[in-house]
Amino acid sequence: ARAAAASGFATLRMEWLDWREVALATARRRGCPVLLYVRAACCRWCHELEARVLSDARVAATIRAHFVAIAVDKDRRPDIDARYQRGGWPTLAYLDDQGELIASDSFLEAPQLLARLDLVAGYWLENRDTIRRRLAEAAESTTPSTTVQRGELSREILDNVARMLLDTSDPVHGGWGAQHKFPHPEAIDFALIRWSQTGDEAMRKLVLRTLRNMQAGEIHDKVDGGFYRYATAPDWSGPHHEKVLDSNAQRLFAYLESFQALGDASFRATAEDILSFLTTTLLDPETGAFRGSQDADPAYAHLTTPAARRAHGAPPCDATVFANWNAMAVSSLLKASVVLERSEPRAQALRTLRFLRDEMHDERDGFYHYWDGTYHLPGMLTDQAYGLRALIDAVQFTGDSEYLDTARTLARSTVTTLRSEHGGFWDMRHDPGARGSLRRRVRSLLENSVMAEALLRLAHFTRESEWADVAHETLASFALDYRSGGQVVAGYARAVDLWLH
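Here the structure is a predicted model, which means the values were calculated and not measured. (Residues numbered from 1 in each chain as written. Predicted model: local features only at pLDDT ≥ 70, side-chain atom pairs only at ≥ 80, totals over all residues. Heavy atoms only, no water.)

1. What about the sheet that holds strand S7 (residues 317-318)?
And then number 1: The antiparallel open sheet is built from three strands, whose spatial order is S5-S6-S7. Where the open sheet ends on each side, the last strands, each with one partner, are strand S5 (243-244) and S7.
And then number 2: Where strand S6 (residues 293-294) lies against S7, two bridges are found, and the strand directions are antiparallel. Following the sheet pairing, Gln-294 is matched in S7 by Cys-317. (Pairing = 2+ DSSP bridges. Helix = DSSP H or I, 4+ residues; strand = E, 2+ residues; numbered from the N terminus.)

So this is what it looks like as structure tokens:
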């Protein structure tokens, strides 16, 4: 099955294979390396690479002659993206015929890419046995430890994370990061929790500074609503103009909760604006689920009136339905229905959840990752964690035990298929036929934290202590090394806080 048609560049001069064993087997049969292209559907520079570089006749001929070409969409294959991405998209990764990484690049112009392809192909031809041996040895040395030390869940963790968030935040514009600036909604949420418990004025000011500057900045689309994915300047300007479901759903929750906690009327207005974008632009009325993203179009984004934008034409949306991102939207819409005192968000949330449960869930496999007319890729922790949280939210908001039954089933299948014997959950299922970096599973701190929170709440609703035991074991397995997680460690602290309280 070729990735070309699905990933939007079928007009290129060559065939791009999907990541399957047959593609790697072809590389072994031909005795050549692999060129892996990791792209994002809404990525402007991916479109530039495809239009100006990968469609170049010389580039295509060189790839055909010396490589097996594989292309994957980073959102459809987060497992591959997490292991091969080079700091963003596009990523061009050069692999051996077993799928181990030799080298990687981001965007290159045609002359640069031609030189790089010639270099890798020549080096492979002369040194393939040495390369294979060195990569195999390196892979063995980076295999995760078979033992995990568990630590104590204490208030010291909360104190450490709170200090880190304050120390690393932007004191002028809010948020975190000196260049690329992302909102980090988990950090905003934890800061609110911390302020509510301790009265720490610095935490309240951090939330206000971040949300006010973000909604006033260029990252906020004040015409169509919603937020662009991230900014490239400290003052939230210079955004990359794609709009993605997950980041908008999470920002909706942050503005709703901050309006509840802090009473700033502008936060309610911004939440309404995000909600409008989600339900008009990303919502697929036929399925009742949300599309994954809207493409970046700087010319469109710089138009300042609805009439001018209508004349230009809106950027297209990637119609793929992702289970984890739609689950985030379900949780945020349920919240919106209460905070905004409107029934429509609740009705939409439950319609989306029904689609996820009916079309993308199986009692044995749990949630599948994405849907493009049918379901694909079972067993990713991200889908089970956010899906379980959405189901628990539906129980809490509706009182319907039907959602609780599905939540129980999902929790059991996740524990059975993804639980690590050393604590926590692997990011994906074990695949004995996996190649390259996919042979090495990892434990994501954020997704494990979301899963632990959901299990704690499941234990509360069902009065079944086994779920709380698994949650405690999961959180304890990160207690000694959580500090390396960056700002997403706030999600871990939030889960630890729930355990302690």
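2. Comments concerning the packing of aromatic side chains
And then number 1: Per the stated rule, a full pass over the model turns up 13 aromatic pairs.
And then number 2: When the centroid spacing of 4.9 Å and the interplanar angle of 55° are considered together, the rings of Phe-322 and Trp-325 count as tilted.
And then number 3: Taken together through their ring pairs, the aromatic side chains of Phe-227, Tyr-255 and Phe-267 make up a single cluster.
And then number 4: The positively charged end of Lys-74 is found above the aromatic ring belonging to Trp-89, 4.2 Å away from the centroid.
And then number 5: The aromatic ring of Phe-478 is capped on one face by Arg-443, whose charged end is 4.1 Å from the ring centroid. (Phe/Tyr/Trp six-rings, centres within 6.5 Å; stacked < 30°, edge-to-face > 60°. Lys NZ or Arg CZ within 6 Å of the ring centre and 35° of its normal.)

3. Considerations on the sheet that holds strand S4 (residues 101-105)
And then number 1: Spatially, four strands are ordered S2-S1-S3-S4 in an open sheet, and the strand pairing comes out mixed. The outermost strands of the open sheet, each flanked by one partner alone, are strand S2 (68-73) and S4. Taken pair by pair, the neighbouring strands of this sheet meet at an average axis angle of 20°, ignoring direction.
And then number 2: Pairing of strand S1 (residues 34-39) with strand S3 (residues 91-95), which is carried by five bridges, proceeds in the antiparallel orientation. (Axes fitted to C-alpha atoms, helices over the stretch in contact; angles between N-to-C directions.)

4. What about the state of the cysteines?
And then number 1: All told, the structure shown has zero disulfides when counted by the stated rule.
And then number 2: Of all cysteine sulfurs in the structure, the one in Cys-43 sits closest to Cys-42, which takes part in no disulfide; the separation is 7.1 Å. (Disulfide = S-S within 2.5 Å.)

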